[in-house]
Each structure stands twice: as C-alpha cells, then as structure tokens.
Amino acid sequence: MSYRVVMIGAGGISRNHLDAIRQLGPERLTAVAVADPDGVRGRDVAAQYGLAYYPSYQEMIVQEKPDIAIIALPHHLHEECAVFCAAKGCHLLLEKPMANSSASCDAILAAVREAGVALMVGHTQHYLPANRQAKALIESGRLGKLVAIHDTRHKAYFEEERPRWFLEKEKAGGGILMNLGAHSIDKIQWLTGRRVTKVKAVLSYEAPIGNVEGSGVVLAETEGGIGAVIVQSGYAGVAKDETELIFTGGMARLVSRQGLWISSGGEYEPVEGDDAQGAESPFASQLYDLLDAIEHRSEPECSGEYAKSVIAVLEAVYRSQATGVEQVVD
Ligand SMILES: NC(=O)c1ccc[n+]([C@@H]2O[C@H](COP(=O)([O-])OP(=O)(O)OC[C@H]3O[C@@H](n4cnc5c(N)ncnc54)[C@H](O)[C@@H]3O)[C@@H](O)[C@H]2O)c1
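Parameters at a glance
- Residues numbered from 1 in each chain as written.
- Predicted model: local features only at pLDDT ≥ 70, side-chain atom pairs only at ≥ 80, totals over all residues.
- Heavy atoms only, no water.
- Near = heavy atom within 4 Å.
- Polar contact = N/O pair within 3.5 Å; in protein donor to acceptor, adjacent residues only side chain to side chain.
- Areas by Shrake-Rupley, 256 points an atom, 1.4 Å probe, with all protein chains shown as cover.
- Nonpolar A, V, L, I, M, F, W, Y, C, P; charged D, E, K, R; others polar.
- Domains from an automatic or database assignment.
- Pairing = 2+ DSSP bridges.
- Helix = DSSP H or I, 4+ residues; strand = E, 2+ residues; numbered from the N terminus.
- Contact = heavy atoms within 4.5 Å.
- Axes fitted to C-alpha atoms, helices over the stretch in contact; angles between N-to-C directions.
- Core = buried A, V, L, I, M, F, W, Y, C linked by side-chain atoms within 4.5 Å.
- Buried < 20%, exposed > 50% of the residue type's maximum accessible area, 1.4 Å probe, protein only.
- Buried area = accessible area lost by both parts, 1.4 Å probe.
- UniProt positions renumbered as here; feature names shortened; annotations may be inferred.
- Arc of directions from axis to C-beta.

1. Some words on the site of the ligand
Residues in contact with the ligand amount to 27 residues; listed here are only the nearest, Gly12, Asp36, Arg41, His75 and Trp165. Take histidine 78: an N or O atom from its side chain is 3.2 Å from an oxygen atom of the ligand. Its free accessible area being 850 Å², the ligand has 85% of it covered by the protein chains. Counted by class, the shell around the ligand contains 13 nonpolar, 9 polar and 5 charged residues. The residues that make up the shell around the ligand include at least three from each of domain 1 (3–123 + 282–302) and domain 2 (126–273 + 310–328).

See below:
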C-alpha cells in the first residue's frame, strides 16, 4: 500500500524527511503538500519537491486528508499540532523532542489513543549505523559489563543562522540540552536498554542572546546503576559528538556519524561496519519503522511512551539546576 504524506514545517529538517520519502519511493509513500506560515520557505520547499503549499497546517489537513503527517515545528507547537492531526485521523511522525513537558506528551498520547492512529517520535539516533553497532556490542557482552558512559557534544549554538525560537525558553523548552541533550539521553537509554532514574545537573546561562542554557553537565544514573556523564557546550569551540562506553573488559569510542572503535586494553581499533547499513538515511529507516507500526498495529521502536521518558529526564535536569540537588525522574 502507498500512503499520502504531508509535511508540517518547511524548516531546516523538512528536506531530510522529504528526501527520505523519495528514497522509499511512490510505491510506499508520496509527499503531497507542505504547510508553513513562512511563505518564502514553504513555497521554496513546495517547488523543490513538487508539493501543494498551504500557509495553514489545519487547512492542509482538512483539504488533503493525508494518511501520515510529519511534524517538524518549533517545540511549543508539537502538542497542538499532533493533537489536531491525530483527531483528523493522521498517523504521526513527530520530531524530537516529543513536547516541552510530560503533560504535553500525555495530551498527545491521549489524542493518539483516542484516534487509534500510530505515533512515532523522530529519535534518529536509533538508525545511525555506528550507534547500532555500539548497541550490538553492548548486548554481545564481548567487552564485559557496561559500567559507565561519557557523552560529549559541542556545537556552536548561538550562530546567526539558528532560528530565533530555539533560543527562547517558552518556545524551545530549553537550550542545547533540550535540543541536543534529548539525543544524548535517548542514546544512553536506548543503547543500554535502561531508563535514566536520577540526575544531577549544572547548567550555564551565559549566551549573549536568548534565555536558554548554553552549556550543561549532567550526571545520570540508569536502572541497574550504570553511571553516565553528559557534557554539552553551545559556546564557541571545537565541534564534537562523541560517546565513550566503559566496560569491565575494555572501552568503546562511538562517533555517531563516523564509526565505532574498541579497545580491550591498549589503543582503540576500528570496528568494521556493514556498508549496506550506511546506504540508507536514518530518516528513511525511521519511515520504514513507522510503516511497520501502521501496518502491524504495533508500537514503533521510538514510541510516544518511550519519547515521553526522554522528556521526563529533561524535566528532572531543569529541576536539578533550579534546586541545586539531585532529582529522581518522575
Ligand atoms: N532528528 C533530528 O536529527 C533533528 C534535526 C534538526 C531538527 N530536529 C527537530 O525538528 C523540529 C524542527 O526543527 P527545524 O530545525 O526544522 O526548525 P526550523 O525553525 O528550521 O523549522 C521550523 C519551521 O516551522 C515553521 N512553523 C512555525 N509555526 C508553524 C505553524 N503553525 N505551521 C506550520 N509551520 C510552522 C517555521 O516557519 C519554520 O519554517 C524540531 O523539533 C527540532 O528539534 C530534529
């Protein structure tokens, strides 16, 4: 069966989704329309991909009656848009982070349940080949027991090109931790197969613009007592996205878009990848998972329930910064 898809939001990530739809091909998915109140951006994407353009996503959903809506909006709009689209009977691919609060996640989950549609949240980390290799390594027990994780992410966050809403707490829900920390928390939970239960966070608010944090250090503990440290900075510096996994019998270095290295003592050695794995974009892989969930009426790997757990950890991070003490994740 082939499904009709609409794109809500014609911003930075919309082209990744539309390219992925092309990768799957018209026998599975066809993008039909895009909505964005920014007419320049919306029309530009519409022209590039041969789509109808709507300034209003509500009008687009009513007119086009799509099977699937992909929602790639500023975070504060995720709830209202997901609830609207679910009520109109659309299956949803909702960008991460799921919403700005657990309460918003609950509202989305209730709407999805009521409508009987599928919901997948776009935690693309699950589909990066090196990440999958790291998960297989952990599960194999080859390096013994995993005891600690050190995850570092640095990315200039306050550059001119960044859409302004990312720097407004009321819209983005937070700064680099809400946006990229969501990936780190997801990575830790998914790689280990365990939920984060406690956090202690120290954030800084030193950026010249906006009112969100510019850096953060989070000490997290998972179920079963794996310790994880997340260090992120959005200030000027060297871009980095690296995760070190520390086992009782060795270590692994994961650079998500580059590869995986392991050591059983001594220097790191590269782990050979499966080239076929790398050929498909993570955005295409997640669409296959969504179609599987729709057709088998099953929960996708990145279900709404799972994605809500990432938001609960982020809420605990901001509570820890506000109170100065460790927080249990609700
Ligand atoms: N999975 C990933 O790796 C990844 C990467 C980048 C962004 N994201 C996520 O994707 C989402 C969008 O991020 P982005 O970088 O594309 O942001 P963006 O600011 O570039 O794009 C958002 C777009 O939404 C539009 N918009 C605002 N209100 C709207 C409305 N009512 N109806 C329709 N469109 C509206 C804006 O005009 C803008 O074009 C966020 O949740 C972000 O965290 C995920």
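2. Some points on the sheet that holds strand 8 (residues 196–204)
On the basis of which strands lie adjacent, the open sheet formed by 9 strands has the order 14-13-12-11-7-10-9-8-15 and mixed pairing. A single partner strand is all that each edge strand has here, and the edge strands are strand 14 (269–270) and strand 15 (327–328). Looking at chain direction, strand 11 (residues 240–247) and strand 12 (residues 250–255) are connected through 5 bridges and run antiparallel. Residue pairing in the sheet places phenylalanine 247 in a bridge with glycine 250 of strand 12. The sheet strands contacting helix 6 (residues 129–140) are strand 7 (146–154), strand 11, strand 12 and strand 13 (259–263), and the helix crosses strand 13 at an angle near 30 degrees. Together, strand 7, strand 8, strand 9 (215–222), strand 10 (227–233), strand 11 and strand 12 form the strand contacts of helix 8 (residues 176–192), whose direction differs from that of strand 10 by roughly 155 degrees.

3. Some points on the nonpolar core
Core analysis: the biggest nonpolar cluster contains 79 residues, and Ile8, Ile71, Cys85, Leu92, Met98, Leu119 and Leu245 have the highest contact counts within it. No fewer than three residues from each of domain 1 (3–123 + 282–302) and domain 2 (126–273 + 310–328) sit in this core. Every residue in contact with isoleucine 71, bar those within four places of it in the chain, is listed here: Ile8, Cys81, Ala82, Cys85, Leu92, Leu93, Leu94 and Glu95. Among the nonpolar cores identified, the runner-up in size contains 30 residues, and Met7, Ala31, Tyr53 and Cys302 belong to it.

4. Things to note about the domain arrangement of the chain
Here the chain is partitioned into domain 1 (3–123 + 282–302) and domain 2 (126–273 + 310–328). Centre-to-centre, using C-alpha coordinates, domain 1 lies 26 Å away from domain 2. For the domain 1 and domain 2 pair, buried surface summed over both sides reaches about 1,600 Å², with 58% attributable to carbon and sulfur atoms. Taken together, the connections running from domain 1 to domain 2 amount to 9 residue pairs in polar contact (both at pLDDT 80 or more). Elements that contribute at least two residues to the side of domain 1 that touches domain 2 include exactly helix 5 (102–115) and helix 10 (282–296). When residues of the side of domain 1 that touches domain 2 are assigned to their parent elements, the largest contribution, 4 residues, is made by helix 10. Of the residues that constitute the side of domain 1 that touches domain 2, the class distribution is 9 nonpolar, 8 polar and 3 charged.

5. Some thoughts on the UniProt feature "domain: Gfo/Idh/MocA-like oxidoreductase N-terminal" (unreviewed entry) in the chain
According to UniProt, the positions carrying the feature "domain: Gfo/Idh/MocA-like oxidoreductase N-terminal" (unreviewed entry) are residues 4–123. In this annotation, residues 4–123 is assigned 45% helix and 23% strand; the end-to-end C-alpha distance for the span is 22 Å.

6. Regarding the environment of glycine 173
By the element assignment, glycine 173 lies in the loop between helix 7 (169–172) and helix 8. Glycine 173 sits 55 residues away from alanine 228 along the chain, and the two C-alpha atoms are 23 Å apart. With residues near it in sequence (within four places) discarded, glycine 173 still touches Asn100, Glu168, Met178 and Tyr318.

7. What to know about the UniProt feature "domain: GFO/IDH/MocA-like oxidoreductase" (unreviewed entry) in the chain
Following the UniProt record, the feature "domain: GFO/IDH/MocA-like oxidoreductase" (unreviewed entry) maps to residues 132–252 here. Each end of residues 132–252 is marked by a C-alpha atom, and these two atoms are 13 Å apart; helix forms 25% of the span and strand 36%.

8. Observations regarding the pairing of strand 13
Burial analysis of strand 13 places 4 of its 5 residues in the buried class, the great majority of the element. The turn joining strand 12 and strand 13, which pair antiparallel and follow one another in sequence, is formed by 3 residues. Examined bridge by bridge, strand 13 and strand 14 share 2 bridges and lie antiparallel to one another. Residue pairing for strand 14: tryptophan 261 is matched across the bridge by proline 270. Between the antiparallel neighbours strand 13 and strand 14 lie 5 residues, among them glycine 265 with a positive phi of about 130 degrees.

9. Considering helix 4 (residues 78–87)
Every buried residue belonging to helix 4 is among His78, Cys81, Ala82, Cys85 and Ala86, and all of these are buried. The arc that holds every buried residue of helix 4, seen down its axis, measures 125 degrees, which confines them to one face. Where the residues of helix 4 are buried, they touch strand 1 (3–8), helix 3 (57–64), strand 4 (68–71), strand 5 (91–95) and helix 5. In the segment just after helix 4, glycine 89 is the residue with positive phi, at about 85 degrees.

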